[in-house]
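# Coordinate analysis (summary)
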Amino acid sequence: MAAKTSLPMTPVVAALTAEWATLDALATGLSDDQWAAPSVLPGWSVADVVAHVIGTESMLAGREVDARRDVAALEHVRNPIGELNERWLDHFRGSPRGEVMAAYRDIIAVRTDMLSRMTQAEFDDDSFTPAGPDSYGRFMRIRVFDCWMHEIDIRDSTDGSAPVDPVPAELALDEIAASMPFVVGKRAATPKGTSVLMRIGGVVSRSIRIEVGDRAAAVDEFDGGDGSADVVLSLDARDLARLAGGRRTADHGRVVIDGDRALGTAILDNLDYVI
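One structure accompanies this document, and this report is about it. Only a predicted model underlies this, so the values are computations on that prediction, with no experimental measurement involved. (Residues numbered from 1 in each chain as written. Predicted model: local features only at pLDDT ≥ 70, side-chain atom pairs only at ≥ 80, totals over all residues. Heavy atoms only, no water.)

Moving on: the overall build of the protein. Counting secondary structure elements, the protein contains 10 helices and seven strands. For 275 residues, the compact-globule estimate of 2.2 N^0.38 gives 19 Å, and the C-alpha radius of gyration of the protein, at 19 Å, lies within 12% of that figure. Dimensions of the protein, computed from C-alpha atoms along their principal axes, come out at roughly 60 × 40 × 35 Å. Put simply, 69% of the contacts in the protein that link residues at least 6 apart link residues at least 24 apart. Looking at charge distribution, the protein has the averaged site of its 28 positive side-chain charges lying 2 Å from that of its 44 negative ones. (Helix = DSSP H or I, 4+ residues; strand = E, 2+ residues; numbered from the N terminus. Rg over C-alpha atoms; globule rule 2.2 N^0.38 Å. Contact = heavy atoms within 4.5 Å. Lys, Arg positive; Asp, Glu negative; His and termini not counted. Charge placed at Lys NZ, Arg CZ, Asp CG, Glu CD.)

Encoded structure:
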């Protein structure tokens, strides 16, 4: 069993509340046409993306809602999590924009208060997460990643602008990096003895290094230095998020592959690990 992830509460909560504020400002600044426009996510409008964030945070606050129709029958709903998400979207569809944003601000205030009352011990407690059993803190880092990805979705669906706040982006990339050994080792079936370097740029810059032994693992450095990597993938943080989320805006052509091109392509083909 994997070790439980222990994360300091203050920076995770700060990143999450910063991302919530960014989403509020971004949604508020949209024109009515942009608000109602189709998003990059199948079957969802831009307004639906905001409703999805409301729904997930509402679930974490213990709130429930009934759908107005059989959402499980929709073509883009493929699993129970998708059905749960769609209930909240269906609940808000047709609601005036002002009501949706009021509901967003209400649940964000509730969740901010909940997090402000938590202790570090509670943050470290066992929890269900979308990545399996782990700590509540890990779940909140996943929330940073998810909300940051939806910021990109909204931007990609409207003016194509890029995120500018490095605080949530850093935590989002921490979460992506935690899944890269699984992607490289298991999903891409990278051979034992292989080393993979991912160079990330954009709103934040970092290098992710994966060595494949009996299992794939993240390392701080390779024995032979970065020049010994069998394959190097260089890409923008936004493109990494798009690839991880299986977005239709993901484009392999924006990724520079150096070294073993076939292996690099296999990794990119299997980067869409998000449910």
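Let us look at the sheet that holds strand β4 (residues 206–212). Strand order in the open sheet formed by five strands is β5-β4-β3-β6-β7, and the pairing between neighbours is mixed. Where the open sheet ends on each side, the last strands, each with one partner, are β5 (216–219) and β7 (256–259). Across this sheet, the average inter-strand angle for adjacent strands is 20°, counted without regard to direction. Pairing geometry for strand β3 (residues 195–201) and β4, over six bridges, is antiparallel. When the bridges of β4 are listed, Arg199 appears paired with Ser207. Strand contacts of helix α9 (residues 237–244): β3 and β6 (231–236), with the helix running at about 105° to β6, the strand carrying the most contacts. In the packing of helix α10 (residues 261–269) onto the sheet, contacts are made with β3, β6 and β7, and the angle to β6 comes to roughly 45°. (Pairing = 2+ DSSP bridges. Axes fitted to C-alpha atoms, helices over the stretch in contact; angles between N-to-C directions.)

Turning next to the packing of aromatic side chains. Remark: the centre distance and the inter-plane angle together describe each pair of aromatic rings, the angle taken between the planes. Counted under the stated rule, the structure contains three aromatic pairs. Taking 6.3 Å as the distance between ring centres and 70° as the angle between the ring planes, the aromatic pair formed by Phe123 and Tyr136 counts as edge-to-face. Separated by 13 residues along the polypeptide, Phe123 in helix α6 (residues 120–123) and Tyr136 in helix α7 (residues 136–157) bring together distant segments of the chain. As far as the burial class goes, Phe123 and Tyr136 line up, both buried. (Phe/Tyr/Trp six-rings, centres within 6.5 Å; stacked < 30°, edge-to-face > 60°. Buried < 20%, exposed > 50% of the residue type's maximum accessible area, 1.4 Å probe, protein only.)

Let us now look at empty space enclosed by the protein. Tallied over the full model, the rule gives one cavity of 30 Å³ or more. Roughly 50 Å³ of internal volume is contained in the largest cavity. Around the largest cavity, the lining residues are Leu23, Ala27, Val49, Val50, Val53, Met101, Tyr104 and Ile154. Put simply, the parts of the chain that give the lining of the largest cavity at least two residues each are α1 (9–28), α3 (46–60) and α5 (97–116). For the lining of the largest cavity, the leading source of residues is α3, giving three residues. Taken together, the residues of the lining of the largest cavity break down into eight nonpolar, no polar and no charged. (1 Å grid on protein atoms, 1.4 Å probe; cavity = no way out; pocket = protein on both sides within 12 Å on 5 of 7 lines; lining within 4 Å. Points joined across faces, edges and corners; volume = space filled by probe spheres on them. Nonpolar A, V, L, I, M, F, W, Y, C, P; charged D, E, K, R; others polar.)

Right, let's talk about α9 for a bit. One turn of the α-helix equals 3.6 residues, which is why residues spaced by three or four share an orientation. Of all eight residues in α9, eight are buried; the element is thus mostly enclosed. Within the sequence span of α9, burial applies to Ala237, Arg238, Asp239, Leu240, Ala241, Arg242, Leu243 and Ala244. Residues of α9 that are buried make contact with α7, α8 (166–187), β3, β6 and α10. Taking the backbone nitrogen of Arg238 as reference, a side-chain oxygen 2.7 Å away marks Asp236 as the first, capping residue of α9. Of the residues flanking the end of α9, it is Gly246, one or two places downstream, whose phi is positive at about 65°. (Polar contact = N/O pair within 3.5 Å; in protein donor to acceptor, adjacent residues only side chain to side chain.)

Contact pair α3 / α7: the axes reach a minimum separation of 9 Å and the direction vectors enclose 170°. With respect to their mutual orientation, α3 and α7 come out roughly antiparallel. Residue-level inspection shows Val46, Val49, Val50, His52, Val53, Thr56, Glu57, Met59 and Leu60 of α3 in contact with α7, the latter providing Phe139, Met140, Arg143, Asp146, Cys147, His150, Ile154 and Ser157. Here the residues of the contact of α3 with α7 are counted per class, giving 10 nonpolar, four polar and three charged. (Parallel < 35°, antiparallel > 145°, perpendicular 65-115°, else oblique.)

This brings us to the pattern of salt bridges. With the rule as written, the count across this model stands at 25 salt bridges. The partner of Arg141 in a salt bridge is Glu175, with the nearest N and O atoms 2.9 Å apart. On the criterion of sequence distance, the pair formed by Arg141 in helix α7 and Glu175 in helix α8 is long-range, its members being 34 residues apart. On the basis of relative accessible area, Glu175 is assigned to the buried category, the value being 3%. Via salt bridges that share partners, Asp156, Asp239, Arg242, Asp251 and Arg254 belong to a single interconnected network. (Salt bridge = Lys/Arg side-chain N within 4 Å of Asp/Glu carboxyl O.)

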